[in-house]
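Coordinates in review
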Amino acid sequence: TPHPGGKLLRQGPETLTDTELLAILISSGTRGRSAEKIAKDLVAKFQSFRGISEQSAEKLMRVKGLKEVKVCRIAAAFEIARRIVDDILGELKEDE
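Everything in this summary refers to the structure shown in the same document. (Residues numbered from 1 in each chain as written. Predicted model: local features only at pLDDT ≥ 70, side-chain atom pairs only at ≥ 80, totals over all residues. Heavy atoms only, no water.)

Some details on a negative patch on the surface
A surface patch of like charges, here negative, comprises D86, D87, E91, E94, D95 and E96. If you trace the backbone, E94 turns up in helix α6 (residues 68–95). Residue E94 is classed as exposed on the basis of its relative accessible area of 66%. (Patch = residues over 30% accessible without salt bridge, like charges linked within 9 Å, V, L, I, M, F, W, Y side chains within 5 Å. Areas by Shrake-Rupley, 256 points an atom, 1.4 Å probe, with all protein chains shown as cover. Salt bridge = Lys/Arg side-chain N within 4 Å of Asp/Glu carboxyl O. Lys, Arg positive; Asp, Glu negative; His and termini not counted. Charge placed at Lys NZ, Arg CZ, Asp CG, Glu CD. Helix = DSSP H or I, 4+ residues; strand = E, 2+ residues; numbered from the N terminus. Buried < 20%, exposed > 50% of the residue type's maximum accessible area, 1.4 Å probe, protein only.)

What follows is the structure, encoded as structure tokens:
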């Protein structure tokens, strides 16, 4: 399967599945395990982005194919998302 980064560029990020978005963060797989397979395992194990975001780095590294660099990328993406949500919630409170 082609890496989902091409799909993101052609069709937009909103067209990608959760697994495809995670595969982009994971970037490259390991011997015998593609980034897409690792991403699929993550989603299967923790059910959702929220489920994944609630895991410790140590727990994420127990997923076959995830080591420190990949876990750091995933954790950074979730932290960025959290900060965006905090900003939006802060703006909504100001508007009340």
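So, next bit.
A short note on the packing of aromatic side chains
Tallied over the full model, the rule gives one aromatic pair. Seen from their ring centres, F49 and F78 are 5.9 Å apart, and the 65 degrees between their planes marks the pair as edge-to-face. Taken together, the positions of F49 in helix α4 (residues 49–53) and F78 in helix α6 put the pair 29 residues apart, joining distant regions of the chain. Classification of F49 by relative accessible area gives partly exposed; the value is 27%. (Phe/Tyr/Trp six-rings, centres within 6.5 Å; stacked < 30°, edge-to-face > 60°.)

Examining the pattern of salt bridges
Side chains that differ in sign of charge can pair as their charged atoms come close. On inspection of all chains with the given rule, the structure shows six salt bridges. For the salt bridge of D41 with K37, the shortest nitrogen-to-oxygen distance reads 2.7 Å. A residue pair is termed a helical-turn pair when its members lie 3 or 4 positions apart in one helix, as D41 and K37 do in helix α3 (residues 35–46) at four residues. Note on D41: relative accessible area 22%, which makes it partly exposed. A network of salt bridges, in which partner residues are shared, links R33, K37 and D41.

Quick notes on helix α2 (residues 18–26)
Those residues of α2 that fall on the buried side of the exposure criterion are L22, A23 and I26. Seen from one end, α2 has its buried residues packed into an arc of 105 degrees, which puts them on one side. (Arc of directions from axis to C-beta.)

Let's talk about the nonpolar core
Note that soluble globular proteins tend to have their nonpolar side chains buried in a common cluster. L22, I26, L42, I52, L66 and I74 are the most contacted members of the largest nonpolar core, which totals 16 residues. Taken together, the elements giving at least two residues each to this core come down to α2, α3 and α6. (Core = buried A, V, L, I, M, F, W, Y, C linked by side-chain atoms within 4.5 Å.)

Details of the packing of α2 against α3
α3 packs onto α2 with a crossing angle of 125 degrees between their chain directions and a minimal axis gap of 8 Å. Looking at the two axes, α2 sits oblique to α3. In the packing of α2 onto α3, the handedness of the crossing is right-handed. Together, T19, L22, A23 and I26 of α2 and A35, E36, I38, A39, K40, L42 and V43 of α3 make up the contact between the two elements. Its residues placed into classes, the contact of α2 with α3 shows eight nonpolar, one polar and two charged. (Axes fitted to C-alpha atoms, helices over the stretch in contact; angles between N-to-C directions. Parallel < 35°, antiparallel > 145°, perpendicular 65-115°, else oblique. Left-handed = near helix turned anticlockwise from the far one by under 90°. Contact = heavy atoms within 4.5 Å. Nonpolar A, V, L, I, M, F, W, Y, C, P; charged D, E, K, R; others polar.)

A closer look at the side chain of Q55
The topology assignment puts Q55 in the loop between α4 and α5 (57–60). At 2.7 Å, the side chain of Q55 and the backbone oxygen of G51 are in polar contact. If near-sequence neighbours (up to four positions away) are discounted, Q55 is found in contact with F46 and L60. (Polar contact = N/O pair within 3.5 Å; in protein donor to acceptor, adjacent residues only side chain to side chain.)

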